[in-house]
Amino acid sequence: MNKIKVEVWTDIMCPYCYIGKIHYERALAQFPHADEVELVIKAFQLNPNLPDKGNGYPVVDYLVNTAGYPEANVKQMFAYIEQLAKNVNVKFNLPNSVAANTMDAHRLVKLAARKGLDSEVLMLISKAYFEDALDYSDIELLVKIGEEAGLDEAEIRQLFAGDDFKTEVKQDIEEAHQLGINTVPTFLFDRKQAIIGSEPIQVFIDTLNKAYEKRKKENAALSDMDVQKGKSCDANGMCEI
C-alpha cells in the first residue's frame, strides 16, 4: 500500500499552526502505521505585506492596529492559546512575539525539504516565534536555525542572496486558493479527509486511522471528504477567538 499523504498548509505567524503541528506529531507517535505516512509541508501567507529582513514589529500592535482586533479580543485569544500551549507543555510567549513577513522562513523550509529536514526546520522557526518571541524574518536567525537542523551555512546564505523557492511558495498559496483553503492550519489526508485548525490530538489519531482504512479502498471521491474544524487564522490575517 502506498503511503498516506498528509499535506499541511501553514504559516509561521499563525499560532494555531504551531499547536496544530504539535498535535499532529503527537498523534503520529501513537499511530501504529506512522512509517506509512508522508508529510508534505505547504506554504501559506496570512499577510505578505508585512516587513521582512528583521524589521518585524510587536504582534500586539499588528493585531490591534493592522488586523483591527479590539484589545479585549486579543487578550481573550491569547488566554485561549495559552491554555492550548499548557496542554502540550509548550512555553507561551505570544504577547511578546513579533509580526513579520514569512516568505524567507518558507523558503528555508523549502530548502530543508530537499534533505528531509523541512518538518524540523518548520518547528524550530515556529518555536522561535511562539516561545522565544524572536523575529523569524531575520536572516541571521534563519541561518542559525538552518544550521541547527543540519543544513550547510553556505547553502543557506546562497538561498537568501537570491530568489530561490519564491515561486514554489507562491504556487503553494495558489494551490490552496484553488482548493478553497483560506484558513491555516489545514491538513489534508490523501485529499479525502481534512482537519482545519488546531484540533485535539485524538482527532488527529482518529483521522489518521480513517485515512489508513480509506487508503485500502480505491477511487474515494473528494466529495466524501470529512472535515473537522477547530480554531484557525484566515487569509485576511484574522484569527478566531
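Structure shown above.
Conventions we followed
Residues numbered from 1 in each chain as written. Predicted model: local features only at pLDDT ≥ 70, side-chain atom pairs only at ≥ 80, totals over all residues. Heavy atoms only, no water. Salt bridge = Lys/Arg side-chain N within 4 Å of Asp/Glu carboxyl O. Helix = DSSP H or I, 4+ residues; strand = E, 2+ residues; numbered from the N terminus. Buried < 20%, exposed > 50% of the residue type's maximum accessible area, 1.4 Å probe, protein only. Right-handed = clockwise from strand over helix to strand, strands pointing away. Pairing = 2+ DSSP bridges. Axes fitted to C-alpha atoms, helices over the stretch in contact; angles between N-to-C directions. Parallel < 35°, antiparallel > 145°, perpendicular 65-115°, else oblique. Left-handed = near helix turned anticlockwise from the far one by under 90°. Contact = heavy atoms within 4.5 Å.

Here's the deal with the pattern of salt bridges
Within this structure, the stated rule accounts for 16 salt bridges. Glu 7 is the partner of Arg 191 in a salt bridge, and the nearest nitrogen-oxygen pair spans 2.8 Å. Residue Arg 191 is located in the loop between strand 6 (186-189) and strand 7 (193-196), and its partner Glu 7 is located in strand 1 (residues 4-10); the two are separated by 184 residues in the primary sequence. Salt bridges sharing common partners tie together Glu 7, Lys 42, Glu 175 and Arg 191.

Remarks on the pairing of strand 1
It is a general feature of regular strands that their side chains alternate between the two faces of the sheet. Within strand 1, six of the seven residues are buried, which leaves it mostly tucked inside the rest of the structure. As for the winding sense of the linkage, the β-α-β connection from strand 1 through helix 1 (residues 15-30) to strand 2 (residues 37-43) is right-handed. In this sheet, strand 6 lies alongside strand 1 in antiparallel orientation, the contact comprising four bridges. Considered in strand 6, the bridge of Val 6 is made with Phe 189.

Focus: the packing of helix 1 against helix 5 (residues 118-130)
Between helix 1 and helix 5, the least distance of the axes is 10 Å, while the angle of their chain directions is 135°. Classified by the angle between their axes, helix 1 and helix 5 sit oblique to one another. Both helix 1 and helix 5 take part in a crossing whose hand is left-handed. Residues Pro 15, Tyr 18, Ile 19, Lys 21, Ile 22 and Glu 25 of helix 1 pack against Ser 119, Leu 122, Met 123, Ser 126, Lys 127, Tyr 129 and Phe 130 of helix 5.

Section: the sheet that holds strand 6
Sheet architecture is open: five strands sit in the order 2-1-6-7-8, paired in mixed fashion. Of all strands in the sheet, those with a lone pairing partner are strand 2 and strand 8 (226-229), marking the two edges. In this sheet, neighbouring strand axes are inclined to one another by 15° on average, regardless of whether the strands run parallel or antiparallel. Two elements, strand 1 and strand 2, share seven bridges in a ladder whose sense is parallel. Directly across from Val 6, in strand 2, lies its bridge partner Leu 39. On the sheet, helix 1 packs against strand 1, strand 2 and strand 6 and is oriented at approximately 175° with respect to strand 2. Along the sheet, helix 9 (residues 201-215) makes contact with strand 1, strand 2, strand 6, strand 7 and strand 8, crossing strand 7 at roughly 165°.

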